[in-house]
Amino acid sequence: MTAADLVGSDADDEAYPHRPMQYRLSHLGALEAEGIHIIREAVAEAERPVLLFSGGKDSAVLLWLAMKAFSPAKIPFPVMHIDTGHNFDEVIEFRDRIVDALGVKLVVASVQEAIDSGRVSEVTGPRASRNRLQIEPLLKAIVDNKFGVVFGGARRDEEKARAKERVFSFRDEFGQWDPKNQRPELWSLYNGRYRAGEHIRVFPISNWTEMDIWQYIEQEQIELPSVYFSHKRTVFERDGMLMAESPHIERFDDEELFEAVVRFRTVGDMSCTGAFESTAGTVREIIEEVSASRITERGASRADDKTAEAAMEDRKRQGYF
């Protein structure tokens, strides 16, 4: 924790005039402390935890919190990526480099391997996406490795289905989520108990917003994949989004390629992740851009969430992130 985290705002001083200065956390300091507490609590209660790491900004912050939670020791559990095979090259390069630098084990669950083995069937065509196909490799990897706790970087402000999540989110023996069968978390007390075959998804940054994420990235100087920052890219327009040219995406006849200066607000499978025109090339410029936005990052740039009103909730019930 830095000295800056210990300095409260004027509002804090007015609300808690008798609290010693050293106990007044900043907004980001309080979120960081909560996230670290959740990670430590989950590790203390459960066997064989794992952290989902896609290389995106939220999982990068989550990995940073895990590093702080156990410093100066190494992170005491592996990280896992559900690899669709249709990822951004920049993100995979970042993933491998960061994991190697931290000296943690990387578990890769492959969608391509699931397709090749016949466990899932791939849809083809211009609107085909492997995003939903991640469910089977994710659940298989959890069972094969006997993971009891799976840390995820989901935030409640991203999408209304994720707003229903508890911090400790129970999954049954089939890996499925029932929003009506979740445990109370009064006074931030978490129930991490589960039976054989079940597991808990834990979301330490549930209470963060996209703005909090970017401000924390700026404060901590956390490295991110280059696709988050403004760059020139060959794209085509589809459904109000700019899709990156890729051999993994089949275009319609009327979808013409052109060059644009863009960035990605979120990263995932290339077939369902859109960019938008932006000149924001630094974290500070992105913060200013996000502060003026009235659309969540998933609402603006994830095609898989536009397929139906309850698209995310349907996937989550089946075991999605």
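The notes below deal with the structure included here. Everything quoted here is computed from the prediction, not taken from an experiment. (Residues numbered from 1 in each chain as written. Predicted model: local features only at pLDDT ≥ 70, side-chain atom pairs only at ≥ 80, totals over all residues. Heavy atoms only, no water.)

## A few points about the overall build of the chain
The following threshold applies: Numbering of helices and strands starts at the N terminus; helices are DSSP runs of H or I of at least 4 residues and strands are runs of E of at least 2. Burial status follows relative accessibility: with a 1.4 Å probe on protein chains alone, a residue under 20% of its type maximum counts as buried, one over 50% as exposed, and anything between as partly exposed. Contacts are assigned to residue pairs with any non-hydrogen atoms lying within 4.5 Å of each other. A 1.4 Å probe and the Shrake-Rupley method give the accessible areas. Residues count as covered only by the protein chains that appear here.
Scanning the chain from terminus to terminus reveals 10 helices and 10 strands. With 321 residues in all, the chain has 52% of them scored as buried. Considering only contacts in the chain between residues 6 or more positions apart, those separated by 24 or more positions represent 70%. Carbon and sulfur atoms make up 52% of the accessible area of the chain, which amounts to about 15300 Å² in all.

## Side note on the nonpolar core
If you look at soluble globular proteins, the nonpolar side chains tend to sit buried side by side. Operational definition: As used here, the term nonpolar core means buried Ala, Val, Leu, Ile, Met, Phe, Trp, Tyr and Cys residues forming a set that is joined through side-chain atoms within 4.5 Å.
In terms of nonpolar packing, the biggest core is built from 64 residues, with Leu-51, Val-61, Phe-151 and Trp-214 touching the most fellow members. Here the element with the most residues in this core is helix α3 (residues 57-70); it accounts for 8 residues. Counting 16 residues, the second-largest nonpolar core is a separate cluster that includes Met-80, Ile-82, Val-111 and Ile-142.

## Quick look at the side chain of Ser-59
Applicable threshold: Any pair of N or O atoms that falls within 3.5 Å is considered a polar contact. Within protein, one atom must be able to donate a hydrogen and the other to accept it, and sequence-neighbouring residues count only if both atoms are side-chain atoms.
The topology assignment puts Ser-59 in helix α3. Within the structure, Ser-59 has its side chain in polar contact with the backbone nitrogen of Gly-55 (distance 3.3 Å). With near-sequence residues (within four places) excluded, Ser-59 lies in contact with Leu-52, Phe-53 and Ser-54.

## Digging into the packing of helix α7 (residues 210-220) against helix α8 (residues 283-292)
Where we set the bar: Convention adopted: a line fitted to C-alpha atoms gives each axis, helices being fitted over their contacting stretch, and angles between N-to-C directions are expressed from 0 to 180 degrees. Note that the term roughly parallel is reserved for angles under 35 degrees, roughly antiparallel for angles over 145, roughly perpendicular for angles of 65 to 115, and oblique for everything else. In this scheme the handedness of a crossing depends on how the near helix is turned from the far one: anticlockwise by less than a right angle means left-handed, clockwise means right-handed. By the convention adopted, Pro, Cys, Tyr, Trp, Phe, Met, Ile, Leu, Val and Ala count as nonpolar, Lys, Arg, Asp and Glu as charged, and the other residues, Gly among them, as polar.
For the pair α7 and α8, interaxial distance at closest approach is 10 Å and the crossing angle is 165°. Here α7 is positioned roughly antiparallel relative to α8, judged by the angle of their axes. Our pair here, α7 against α8, has a crossing hand that is left-handed. On α8, the residues that touch Glu-210, Met-211, Trp-214, Gln-215, Ile-217 and Glu-218 of α7 are Val-283, Arg-284, Ile-286, Ile-287, Val-290 and Ser-291. For the contact of α7 with α8, the per-class residue count stands at 7 nonpolar, 2 polar and 3 charged.

## Regarding the packing of aromatic side chains
Within a pair of aromatic rings, the relevant descriptors are the distance that separates the centres and the angle that separates the planes. Convention followed: Only the six-membered ring of Trp is used, alongside the rings of Phe and Tyr, when aromatic pairs are assigned; centres must lie within 6.5 Å, and planes under 30 degrees apart are stacked while those over 60 apart are edge-to-face, with the rest tilted.
Throughout the structure, instances matching the rule amount to 7 aromatic pairs. One aromatic cluster is present, formed by Phe-70, Phe-77 and Phe-151 through successive ring pairs.

## Quick notes on the sheet that holds strand β1 (residues 49-52)
Basically, it comes down to this: Only when DSSP finds a minimum of two bridges between them are two strands counted as paired.
What the 6 strands build is an open sheet, ordered β3-β2-β1-β4-β6-β5; its pairing is mixed. This sheet does not close on itself; its edge strands, each paired only once, are β3 (106-110) and β5 (168-171). Averaged over all pairs of adjacent strands, the angle between strand axes in this sheet comes to 30°, irrespective of strand direction. On the sheet, helix α2 (residues 27-45) packs against β1, β4 (149-151), β5 and β6 (199-202) and is oriented at approximately 160° with respect to β4.

## Examining the packing of α2 against α7
α7 packs onto α2 with a crossing angle of 95° between their chain directions and a minimal axis gap of 11 Å. When the axes of α2 and α7 are compared, the pair comes out roughly perpendicular. Where α2 abuts α7, its residues His-27, Leu-28, Leu-31 and Glu-32 lie against Asp-212, Gln-215, Tyr-216, Gln-219 and Glu-220. Grouping the amino acids of the contact of α2 with α7 by side-chain chemistry returns 3 nonpolar, 3 polar and 3 charged.

## Some remarks on a nonpolar patch on the surface
Quick reminder of the rule: Patches draw on residues past 30% relative accessible area with no salt bridge. Two like charges within 9 Å are joined, as are two nonpolar side chains (Val, Leu, Ile, Met, Phe, Trp, Tyr) within 5 Å. For this analysis, a salt bridge means a side-chain nitrogen from Lys or Arg found within 4 Å of a carboxyl oxygen belonging to Asp or Glu.
Side chains of Leu-186, Trp-187 and Leu-189 sit close together on the surface and give an oily, nonpolar patch of about 430 Å² of accessible area. For Trp-187, a relative accessible area of 75% puts it in the exposed group.

## With respect to the environment of Asn-145
Within the element layout of this structure, Asn-145 appears in helix α6 (residues 135-145). Overall, the relative accessible area of 22% leaves Asn-145 in the partly exposed class. Taking the C-alpha atoms as reference, Asn-145 lies 9.5 Å from Val-50; in sequence the two are 95 residues apart. Aside from chain neighbours lying at most four places away, what touches Asn-145 is Arg-48 and Val-107.

## A few points about the pattern of salt bridges
The final tally for this structure, using the stated rule, is 18 salt bridges. When the shortest N-O distance is used, the salt bridge between Lys-140 and Asp-144 registers 2.6 Å. In this pair, Lys-140 and Asp-144 both sit in helix α6, 4 residues apart, roughly one turn of the helix. Residue class for Lys-140 comes out partly exposed when judged on its relative accessible area of 33%. The residue Glu-289 makes a salt bridge to Arg-263 at a minimum N-O spacing of 2.8 Å. Of this pair, Glu-289 sits in helix α8 while Arg-263 sits in strand β9 (residues 258-264), and the two are 26 residues apart along the sequence. A residue is classified by how much of its surface remains accessible, and Arg-263, at 0% relative accessible area, is buried.

## Let's talk about helix α4 (residues 89-102)
Three- or four-residue spacings in an α-helix give side chains the same orientation, since the helix completes a turn every 3.6 residues. To keep it simple, the criterion reads: Take the number of residues in a helix, subtract one, and multiply by 1.5 Å to get its expected span. Arc definition: it is the arc formed by the directions from the helix axis to the C-beta atoms.
Taking 1.5 Å per residue as the helical rise, α4 with its 14 residues ought to reach 20 Å, and the 20 Å between its terminal C-alpha atoms agrees with that figure. Those residues of α4 not exposed but buried are Val-91, Phe-94, Arg-95, Ile-98 and Val-99. Taken end-on, α4 shows its buried residues confined to a sector of 120°, consistent with a single buried face. Facing away from the buried side of α4 by more than 90 degrees, the exposed set consists of Asp-89, Asp-100 and Ala-101. The inward-facing, buried residues of α4 abut α3, β2 (79-83) and β3. A positive backbone phi angle near 70° is found at Gly-103, which sits one or two residues after α4.

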